[in-house]
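Working through the structure, step by step
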Amino acid sequence: MGKWEPAGRLPGEIVEIYRAPLRSGGEPRDPREIVEVYRQPDCREVVESYRRPVPSGRQRPASSRKKRQDRRRPGRKQGLYRFLICVAALVGLTAAAKTVEHLAFRDEWQPGDAVYETQEITIPGWPADQGAALAVDRELGEALTAQEVYRRLNPAVVTVHCETGDGISVGTGVIFTEDGYILTNHHVVQGGSKCYITLDSGYMMEVCFAAGDENSDLAVLKVPPGELAGMGTLPAAPFGDSEQLVVGDPVYAIGAPRRLRGTLTNGIISAIDRNIEVEGRTMTLLQTNAALNSGNSGGPLINDRGQVVGINVAKYMSWNQDSVEGLGFAIPTAQLERIVNDLLKWGEVQPEPRLGIMVITDERGLLVDSVEPGTAAEKAGVLAGDYITAAQGEKIQTTQDLFRVRRKLYLGDELTLTLLRDGEILEVTLELEEAAE
C-alpha cells in the first residue's frame, strides 16, 4: 500500500499534488509543494492508515537483558543530573512552543494562498461570448432534506484534475449549464496545461479553459461538444441568491476532499460578509462550519433549498498543526454572478464604476460621510450629510445594499439615487464614467 508523506507546508495550501516517484538520486523539491506527496505511481484513491508493529514474542538472551537492566540503574547523582537536564529541556521546549504558537496565530492561513507567483494557464481555450450565462434564481423553493439536496446536486458536481508543472492538482467544480460550462477556483487550474473532469458516474472527459480571474479566484471550464457526443446534455446545478442567507441557515458542501469524490458535509452559515485576507487582497466571503478539506476547492456551498449559494474557496488551518475546526469560507453568488457573466461575455472581468462617496451606516440608514471632488457623485449634487434611501428604485439601508446595486452597473451607465436631505426627498442621477479602484 502506498504511503502518504507530509511535504513542506506553506501558508495557504489548498490543492493536492500527486507526484511520481523521484528518480535515483532524487530531484530538488519545489518549495511550492502542496499538502501531501504520494510516492506510489498509482493515482487511485487511498485511505490513510497507521499500522503499529506487532510484538514478535521472542525474548532477548539473559545476558543482554542483564546489560539493559544495568544501564537503567544510574547512581543518585547521575539520576539527579538527568532530572535537572530534563526539567531545563522541558522549560525550553515550552518557551519555544509558546513562540511557535504565537507565530502560528499570527500566520494562520487559508488554502488558496500556496501559489505566490502567477503561473500561466496553457489549457486548450474556449472562446468567449457564446451566449452562455450564469442564472441566479431569486425565488426560494421548499426546504429539502439532506438526502434530497444530495440527490439533486451531486450529479452536477465534478472532480477537476489539472496537469501542472508540479504534478496534478485536484479540486472540485460545479456544472451550471446543460451544455457543459463548469465553475471552479482559479487556483485549481493555475499553471495547468491539460484539464479533465470526472462526473459522479466516474466518467472522465477533457475540458477547455474558458476564462478566469485570479483576484476573485474563479475560473470557468467548458466541456467541448466532442466530449458530449452520445451523452446529450449534462445535469446543471441551480444557483440561488446568497443575499437571502442569514446566520444560522443550514448549508451543505459536496466535493472531493482527499480525492473522495461525492462527499457531502453539512453545517450552518456562521457569518455573512466576512473579510478575509488572502495573498494581500481582502475577499468578502461567507463563513461556514461545514467541513471543507483539500479537494473541496471550487465546489458548491448549497442552501437547504438545493441551490448553490457559494463556491468553496478557503479554510483556516494552523501553521503549527494546532486544531482549527469549522472555519470554512465560500465566495457568495451575489459576488460571483457578475464576475462569471463578465468572464463568459468578455473573457475578463469588467471594472465596476466609481461613485465617489464615502458612506457609513447609522440608526437612520446609509449616511453620506464625504463626497470626493470631481467624481460622479459631486457632479450630480450629492452632499455630505445626505441619507441614501434608494438606488435604481431599490431600497437602500446598508453599504452591502448599495454594493449590490453597483455590481449591476458598468462604465457609461447612469445611477439614480434617492436622497433624504434636511427632511426633503431628492432624486439625483450619476453618470458613471470612472472605474472603481
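That block above? That's the structure.
Quick summary incoming for the structure in this document. (Residues numbered from 1 in each chain as written. Predicted model: local features only at pLDDT ≥ 70, side-chain atom pairs only at ≥ 80, totals over all residues. Heavy atoms only, no water.)

**Regarding the side chain of Thr198**
Stated precisely, the cut-off is as follows: Note on conventions: DSSP H or I runs of at least 4 residues are helices, E runs of at least 2 residues are strands, and numbering of each starts at the N terminus. Type-normalised accessible area, obtained with a 1.4 Å probe on protein chains alone, sets the label of each residue: buried when under 20%, exposed when over 50%, and partly exposed for intermediate values. In protein, a polar contact requires one atom able to donate a hydrogen and another able to accept it; more generally it is a pair of N or O atoms within 3.5 Å, and residues adjacent in sequence count only if both atoms are side-chain atoms. Here, two residues are considered to be in contact whenever any of their heavy atoms come within 4.5 Å of each other.
Inspection of the secondary structure puts Thr198 in strand S8 (residues 192-198). Residue class for Thr198 comes out buried when judged on its relative accessible area of 5%. Of the polar contacts made by the side chain of Thr198, one reaches the side chain of His161; its length is 2.9 Å. Here Thr198 is in contact with Val158, Thr159, His161, Tyr203, Met204 and Arg261, once residues within four sequence places are set aside.

**Re the environment of Glu279**
Looking at the element boundaries, Glu279 is found in the loop between strand S14 (263-278) and strand S15 (281-288). For Glu279, a relative accessible area of 32% gives the class partly exposed. For Glu279 and Asn215, which are 64 residues apart along the polypeptide, the C-alpha to C-alpha distance reads 9.4 Å.

**Structural notes on the pairing of strand S11 (residues 218-222)**
Test applied: DSSP calls a pair of strands paired once it identifies at least 2 bridges connecting them.
Burial runs high along S11: 5 of the 5 residues are buried. With burial as the criterion, each face of S11 is covered, one bearing Leu218, Val220 and Lys222 and the other bearing Ala219 and Leu221. Judged from the 4 bridges that link them, strand S7 (residues 181-184) and S11 form a sheet pairing that is antiparallel. Residue pairing across strands places Tyr181 opposite Lys222, the latter belonging to S11. Here 5 bridges tie strand S10 (residues 208-213) to S11, and the two strands are oriented antiparallel to one another. Bridging across to S11, Cys208 finds its partner in Lys222.

**Some thoughts on unusual backbone geometry**
The backbone of Arg259 shows a phi angle near 70°, a positive value even though the residue is not glycine. Mapped onto the elements of the fold, Arg259 is located in the loop between strand S13 (250-255) and S14. Despite not being glycine, Gln392 has its phi angle at roughly 55°, a positive value. Tracing the chain through its elements places Gln392 in the loop between strand S21 (387-391) and strand S22 (394-395).

**Points about helix H5 (residues 333-346)**
Convention followed: Multiply 1.5 Å by the residue count of a helix minus one, and that product is the helix's expected span.
Given a rise of 1.5 Å per residue, 14 residues ought to cover 20 Å, and the 19 Å separating the end C-alpha atoms of H5 matches this to within 8%. With 10 of 14 residues buried, H5 is to be regarded as a mostly interior element. When H5 is considered as a whole, its buried residues turn out to be Thr333, Ala334, Leu336, Glu337, Arg338, Ile339, Val340, Asp342, Leu343 and Leu344. The positive-phi residue at the C-terminal boundary of H5 is Gly347, with phi of around 80°.

Structural measurements only, silent on function.
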